[in-house]
Amino acid sequence: MFIAATLAFMTLVTFVQVVLRYAFGTGFVWSLEATTYAFAWMILIGMSYCVRTNAHIAVELVTERLPATAARVVGFAALAASLAYCAFMVYGSAVFVGRLVALGNYARDIPLPRWVLTGIMPIAFALLGARLVQAAWRAATGGAGTQRSLAVPGAALRPDRGPAAERPADAAAERSRR
Amino acid sequence: MSGLFLLGALFLCLAAGVPVAIALGLASIATMLLFSDQSLAALAQRFFSATQVYPLLAIPFFILAGQLMTSGGVAKRMIAFANALVGRFRGGLGMAALLACAFFAAVSGSSPATVVAVGSIMIAGMVRSGYSKAFGAGLICNAGTLGILIPPSIVLVVYGAVTETSVGDLFMAGVLPGISLGAALLVTVAIVARRRNLPRQPPVDLRTLLVTARDAGWGLALVAIVLGGIYAGVFTPTEAAAVSAVYALLVVLLVYRDMPLAAVPRVLVDSARVTAMLMFIIANAYLFAFVLTTEQIPQAISAWIIDLGLPAWAFLLAVNLLLLAAGAFMEPTSVILILAPILFPIAMELGIHPVHLGIVMTVNLEIGLVTPPVGLNLFVTSGVAEMPVTAVIRAALPWLGVLLAMLAVVTYVPGLSLALPELLGAR
């Protein structure tokens, strides 16, 4: 997975940087910049992965108390709002990256133009939109992974993602839904 | 006007079930398009620059360290050590559960994970020794919240980044209130144990105590490395986080041997996903804060509050009520991200210390984790203890009283938060 690789890269670079500074009084000039760009890429790619794995946090307090038809209408309004957000961000980031292309300046320590490093942004927001449509389609057609709204509150913070603590938390999620 | 629109749009989106991140972003974009002449490109640039904020880089590393430390084996070692320490006292098993929660919450950084890991072992154990299930569930549910106050804490990192407050100072400031909260809960356990005549555990010999201490010490050293490293000036909080992640990996793989090497990629994916989810909210919260600032909204509110002649103590009371309400509906990081940019400038006008405000907000959000309707710990406890949520809410209620009393202390005794960072030379 791309996001796992970026996380491993960031952790190692930062750790090695500390070791180098103390053990050898040296370091890489590019490490900080490379880490922050890796961080940005992880977030930008990760946000659509979160839609796919149903990990985004939303407040479900109101929607889960609505009757089915109303919930459906509100759900689609929420989807429309989210897609509007994606559209705005695709446009805004495309203009932003376009300016960097025109400017043609380079990153501080990495020998690449800045637009190469930020160019992922409009693509990432377009991908986010596509994933949202896909999730809504799944919900509407009632296929596998049906969900009532765009996200489950706190799903990603639930400990059932932890390696060893699997069973009890799954049970907790089950029961709280019943 | 623009302020009302911004908040109105935000609440409308949140109520409709739009993910928190997108609700923040969309409300900001709409306000900006309608009321000011900033361009969408400026907002996109702002979004990207939020991902380049150096203190926020600590978040993925702390999440990774926590995920690595969330194995069942780590919890068992913490419990064994806690039991050896306090098991001999009346109600010892309850005290041990509380201590184990504090230890585990400190290294895992996650309240719900603590409830699952410690609760799944200790609640059954307490019931077997003659405690009521409600006692065990209520205790674990509340003790699990200590994790967001005891450093390293992601909530404090987020507060520090948003308000440009030193993360190192915030971590140090969290120590004494965290210990006091734990102590208050401990005293409560002792009182209840005396009244209900709860059993003691057989005392352990010194050898067992030392062995369990060494076992648990490998994990607990993580907190020492982070705090010690930051304060000795060895590394920045962000570097401390990366070092703690590598340390956690080595301990779990080589010392504890709880996790096969093959499980590491899975942990990386999970950590990266949780980070992306949180950072997506945070980046959008930067847009929100940006619009708040360009529209001068906090300034307007603070001018209004100062006109009212509201003293600092009354403002803090209002902050507490607001946060308790918000914390009952949203998870801690989202609340910090939405409210800190609004409350912080006002608090500064009133002469409240930025570090103190951060700790007060965090304690409020701890309480939010155990108050319905969205108290995450309540649901997790209900699963672990196999009790209906309503029964857990009732069981948690008396402990909630202790937390509220401590909130009052933390709010009105700034010294409790500020003494340690000041002692260590903070401004």
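See the structure above.
Owing to the predicted nature of the structure, the values given are computational and were not obtained by experimental measurement.

### Quick notes on the overall build of chain A
Broken down by element type, chain A carries six helices and zero strands. Walking chain A from its N terminus toward its C terminus, one meets helices and strands in the order α-α-α-α-α-α. Looking at chain A as a whole, 47% of its 178 residues qualify as buried. Once local pairs closer than 6 in sequence are excluded, the contacts in chain A between residues at least 24 apart make up 67%. Carbon and sulfur atoms make up 67% of the accessible area of chain A, which amounts to about 8500 Å² in all.

### A word on the interface of chain B and chain A
In this assembly, 74 residues from chain B lie in contact with 69 residues from chain A. Taking both partners together, chain B and chain A bury about 6200 Å²; carbon and sulfur atoms supply 81% of that area. Counting the surface chain B buries against chain A, the share from its top three residues, F48, R273 and M277 of chain B, is 12%. In this assembly, chain B and chain A are joined by one salt bridge. For E239 of chain B, the salt bridge is made with R21 of chain A, and the minimal N-O distance between the two is 2.9 Å. Applying the counting criterion to the chain B and chain A interface returns seven residue pairs in polar contact (both at pLDDT 80 or more). Considering every element that reaches the side of chain B that touches chain A, the biggest residue donor is helix α13 (residues 264–294) of chain B, with 16 residues.

### Comments concerning unusual backbone geometry
Generally, phi is negative for residues other than glycine and the peptide bonds are trans, each holding for most cases. Looking along the chain, the bond that leaves P151 of chain B and enters P152 of chain B is cis, with omega of -5°. Within the secondary structure, P152 of chain B sits in the loop between α8 (133–143) and α9 (154–163). Even without glycine at this site, N54 of chain A takes up a positive phi of about 60°. Relative to the helices and strands, N54 of chain A is located in the loop between α2 (31–52) and α3 (68–103).

### A few points about the pattern of salt bridges
Residues and elements named next belong to chain B. For the coordinates displayed, the defined rule picks out five salt bridges over all chains. Put simply, D270 and R266 hold a salt bridge, and the shortest N to O gap is 3.4 Å. Highlighted residues: D270 and R266, both in helix α13, separated by four residues, approximately one helical turn. Under the relative-accessibility criterion, D270 is labelled buried at 5%. For D270, the salt bridge goes to R273, with nearest N and O atoms at 3.6 Å. Highlighted residues: D270 and R273, both in helix α13, separated by three residues, approximately one helical turn. Of the two residues, D270 and R273, neither departs from the other in class, the shared state being buried. Each of the salt bridges in this network shares a partner with another, and the network as a whole consists of R266, D270 and R273.

### Describing the nonpolar core
With 221 residues, the main nonpolar core has Y85 and F125 of chain A together with F47 and I59 of chain B as its most contacted residues. When residues of this core are assigned to their parent elements, the largest contribution, 21 residues, is made by α13 of chain B. Beyond its immediate sequence surroundings of up to four residues, F47 of chain B is in contact with L44, Y85, M89, M121 and F125 of chain A together with F280, A283, N284 and L287 of chain B.

### Section: the packing of helix α4 (residues 58–69) of chain B against α9 of chain B
Residues and elements named next belong to chain B. In the contact formed by α4 and α9, the axes pass within 10 Å of each other and the chain directions differ by 180°. Considered as vectors, α4 and α9 are oriented roughly antiparallel to each other. For the pair α4 and α9, the contacting residues are A58, I59, F62 and I63 in the first and I154, V157 and V158 in the second. Of the residues that constitute the contact of α4 with α9, the class distribution is seven nonpolar, no polar and no charged.

### Focus on a nonpolar patch on the surface
All names here are of chain B. Where nonpolar side chains cluster on the molecular surface, the patch consists of W313, L317, L321, V409, Y412 and V413 and spans about 570 Å² of accessible area. Every element with two or more residues in the nonpolar patch is listed here: α15 (312–327) and α19 (389–412). With three residues, the single largest contributor to the nonpolar patch is α15. Residue placement: L317 occurs in helix α15.

Cut-offs and rules
- Residues numbered from 1 in each chain as written.
- Chains lettered and ligands numbered in written order.
- Predicted model: local features only at pLDDT ≥ 70, side-chain atom pairs only at ≥ 80, totals over all residues.
- Heavy atoms only, no water.
- Helix = DSSP H or I, 4+ residues; strand = E, 2+ residues; numbered from the N terminus.
- Buried < 20%, exposed > 50% of the residue type's maximum accessible area, 1.4 Å probe, protein only.
- Contact = heavy atoms within 4.5 Å.
- Areas by Shrake-Rupley, 256 points an atom, 1.4 Å probe, with all protein chains shown as cover.
- Buried area = accessible area lost by both parts, 1.4 Å probe.
- Salt bridge = Lys/Arg side-chain N within 4 Å of Asp/Glu carboxyl O.
- Polar contact = N/O pair within 3.5 Å; in protein donor to acceptor, adjacent residues only side chain to side chain.
- Core = buried A, V, L, I, M, F, W, Y, C linked by side-chain atoms within 4.5 Å.
- Axes fitted to C-alpha atoms, helices over the stretch in contact; angles between N-to-C directions.
- Parallel < 35°, antiparallel > 145°, perpendicular 65-115°, else oblique.
- Nonpolar A, V, L, I, M, F, W, Y, C, P; charged D, E, K, R; others polar.
- Patch = residues over 30% accessible without salt bridge, like charges linked within 9 Å, V, L, I, M, F, W, Y side chains within 5 Å.

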